Structures are given as structure tokens and as C-alpha cells.
Amino acid sequence: MSAPTDIRTTDSAPERIDDADLSVARTRHPWRWVTSAAVLIVVAQFIHGLATNPGWDWPTFAQYFTAGSVLSALWMTIKLTLWGTVVGFALGVLLAASRLSNNPVLQVISWTYIWAFRSIPLIVQLLFWFNIAYLYQTLSVGIPFGPGFFEFQVSGVISGFTAAVIGLALHQAAYSAEIIRAGIISVDHGQIEAANALGIPRLRQFFRIVLPQAMRSILPNAANEVISLFKGTSIVSTMAIAELFYQVQVIFGRNGRVVPLLMVATVWYIVLTTVLSIVQYYIERHYARGSARALPLTPWQKAVAQYREIRDTGVGAPRGATR
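Identification of the protein chain as Amino acid ABC transporter permease from Rhodococcus artemisiae is taken from an unreviewed UniProt entry. Recorded under Subcellular location (unreviewed entry), the UniProt text for the protein chain is reproduced unchanged: "Cell membrane". Its UniProt record gives the protein chain the following Sequence similarities (unreviewed entry) comment, quoted word for word: "Belongs to the binding-protein-dependent transport system permease family."

**Student:** In this structure, what is going on with the packing of helix 3 (residues 68-100) against helix 11 (residues 258-287)? I would like to understand it.
**Tutor:** Angle between the axes and distance between the axes: these two values describe a pair of packed helices. One way to put it is that helix 3 packs onto helix 11 with a least axis distance of 12 Å and a crossing angle of 45 degrees. The angle between the axes of helix 3 and helix 11 places the two elements in the oblique class. Judged by the twist between their axes, the crossing of helix 3 over helix 11 is right-handed. Seen from helix 3, the contacting residues are V70, L71, L74 and I78; seen from helix 11, they are V264, W268 and L272. Classifying every residue of the contact of helix 3 with helix 11 by side-chain character gives seven nonpolar, no polar and no charged.

**Student:** Help me understand the UniProt feature "transmembrane region" (unreviewed entry) in the protein chain, please; the structure alone is not making it clear to me.
**Tutor:** As annotated in UniProt, the feature "transmembrane region" (unreviewed entry) corresponds to residues 33-51, 71-96, 108-132, 152-171, 226-246 and 258-283 in the numbering used here. The span residues 108-132 shows a helical share of 84% and a strand share of 0%, and its end C-alpha atoms are spaced 26 Å apart. End C-alpha to end C-alpha, residues 258-283 measures 38 Å, and it is 100% helix and 0% strand.

**Student:** Looking at this model, I keep getting lost on the packing of aromatic side chains. Mind explaining?
**Tutor:** What characterises a pair of aromatic rings is the spacing of the ring centres plus the angle enclosed by the ring planes. Under the criterion given, the structure shown has nine aromatic pairs. Aromatic side chains W56 and W58 sit 6.1 Å apart centroid to centroid with 15 degrees between the ring planes, which places their arrangement in the stacked category. Between F128 and W129, the ring centres sit 5.6 Å apart and the planes meet at 80 degrees, which makes this aromatic pair edge-to-face.

**Student:** Explain the pattern of salt bridges to me, please; I cannot follow it from the model alone.
**Tutor:** Opposite charge on two side chains lets them pair, provided their charged atoms get close. Applying the stated rule across the entire model yields three salt bridges. Between R99 and E178 there is a salt bridge, and its shortest N-O distance comes to 3.0 Å. Taken together, the residues R99 in helix 3 and E178 in helix 7 (residues 160-185) connect sequence positions 79 residues apart. Accessibility expressed as a relative area gives 24% for R99, which makes it partly exposed. In the salt-bridge network here, residues are joined through shared partners; they are R99, E178 and R181.

**Student:** Just to check I follow, could you spell out the side chain of T85 for this structure?
**Tutor:** Locating T85 in the fold gives a position in helix 3. At 2.7 Å, the side chain of T85 forms a polar contact with the backbone oxygen of T81. With residues up to four places along the chain from it excluded, the contact list for T85 reads V226 and L229.

Criteria and cut-off values
Residues numbered from 1 in each chain as written. Predicted model: local features only at pLDDT ≥ 70, side-chain atom pairs only at ≥ 80, totals over all residues. Heavy atoms only, no water. UniProt positions renumbered as here; feature names shortened; annotations may be inferred. Axes fitted to C-alpha atoms, helices over the stretch in contact; angles between N-to-C directions. Helix = DSSP H or I, 4+ residues; strand = E, 2+ residues; numbered from the N terminus. Parallel < 35°, antiparallel > 145°, perpendicular 65-115°, else oblique. Left-handed = near helix turned anticlockwise from the far one by under 90°. Contact = heavy atoms within 4.5 Å. Nonpolar A, V, L, I, M, F, W, Y, C, P; charged D, E, K, R; others polar. Phe/Tyr/Trp six-rings, centres within 6.5 Å; stacked < 30°, edge-to-face > 60°. Salt bridge = Lys/Arg side-chain N within 4 Å of Asp/Glu carboxyl O. Buried < 20%, exposed > 50% of the residue type's maximum accessible area, 1.4 Å probe, protein only. Polar contact = N/O pair within 3.5 Å; in protein donor to acceptor, adjacent residues only side chain to side chain.

Rendered as C-alpha cells:
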């Protein structure tokens, strides 16, 4: 196939010009380069300050970053996040289903729960559950408004860790319920009507039709909530629970090295948030399979493809050619 040509008509005869003879004018973006240079200068100054300012005290940072007490507190933070996420989202699914049900009683109860727990600050909820034994010294299990089968001491069952998990999970459930409900109602109702017309069972409709599409809307907001919960566990330091931020406070309260110890907590928060973000990316990629014919390349696949392109270009270039 010959290259397209441009035909110019003159008084004598038409003149044919090949595309190879045409000159392409480059689009120049001077301000883009100026902005990029200014940003790089600011970033370089910041990195230089991190490396040269003695106030950061990097030897102290290195000493405590992998200390046993810090790692133990980090594990406590991870456990609080896991329990708060699992229990919170499990309860959130029930609340979302109640709000979407045709039962007016369940709708009112779910709406009231979400309204109440989104209105009360998290620290108030945590302190309430931490001091629940002042209101109820004992709890009994039995017939409502009737005799109890057995009773137990609240102070012996609800420890500081348990109170923190209850507070975080109940608070998380109110927000996750709305995220899940929004994802479900984002699915086109016509697909559900078509599934009903085909006689597909309700349970199979939910897991095979509704859920995969709803997850595309649920996942970004749900991941934000999990990351917020992970960082929000630092608020349980008011309950003297030895999570990451509390332990850092204890250490710099003893040695007075506030900045490097705060950097220890900061870097650990950044590391685990990055891990959660990577997990979020691959889960979103999994549920995006039905929305695109070809999935976009992952960062690792892009890097490998770029490396192969550079390698093949170098192998195929003629000897002595300049680039």
C-alpha cells in the first residue's frame, strides 16, 4: 500500500508531494518545563534538609524503627484494624441490606443506627465502651424481661482491647453500610429485572450479577475507610492501649527524642498504607475484568514492557547510529 499523497494543482500539471517530504512542527511547552524544574528544586531542597538537618536524628530513628516494643505495638495496630474492618463491614452488610429491604421496621432501625453512630465522635464511643462497667457491672443471658440463665461480670469480659474493637467496629459499620448500599443501588435495575425474567435465583443474582458490578463502586470508598481506620487506631491511645502511636509517645516521653520517634510512627503508617493501596489496586483490577475487553498493564508489566522496548531498540539499531 502506497503512502498517502497530497495533490497540489498548478497551471501546468498537478504536483504530488509524499508525506515523507512534509515537515512536522513540534509543539513546545516552555511553562511545563519551568514548572517541572521548580517542583524538582523544591523536592531536592526537602530531601537535602532530611539528609543534613541534625534535628531529624536518624540514628535514633534507626535504633527504634525495628525495636521489639515498636513492632509489638505495630502488631496491636494491625489487629485493631483487622478486627474493626471485618466486624465493621460484616455489620455494614446487614445494615445496608436492612435499608434496602421492604421491611419498614428494619429500614427505620438501620437508618437510626447509621444516623446515631455517624453523629457521635469516635473518641466518645471508645471512651463509652471503655467505661461501660460503670453502667452495667453484670450482664445476664436469658428470656427477655424474664429469668436469666447465667450472668457474668462486664469488667472481666470487656477488656481495653475488646472495648476498642467494639467501638471501632460499630463506628466503621455506620460508614461501610452507606458505602455498600451506594454500590448496590449503582447497578442498573434493568439487569435485575432481566435476571428475574430468566428465572435466575435471587442468591445467584446477587453474587453473579449485582455484587461484581457493585464492587467497582464499593472498593475505592471501602479502601479509603480501611486506611482511615488503620490511621484512626491511634485514637485508642487515650485508652492506654499499647498500639503504635501510644508506644511511640511512651518512648519519647522517656528519652525526649520527639521528632525521630514521630518519624518512626509516620514511616510505619506510610509502609502499611502503601501495602493496603497495592492490595486495593489488584482487587479493583480483578473486578474490572467484566468492564473492559483488555485490562490495563500493571506497573510491573509496564516496567517490563518498557525495558523490552528499550532493549529491542538497542539491538535493532544500526551500528554507529546516534539517538
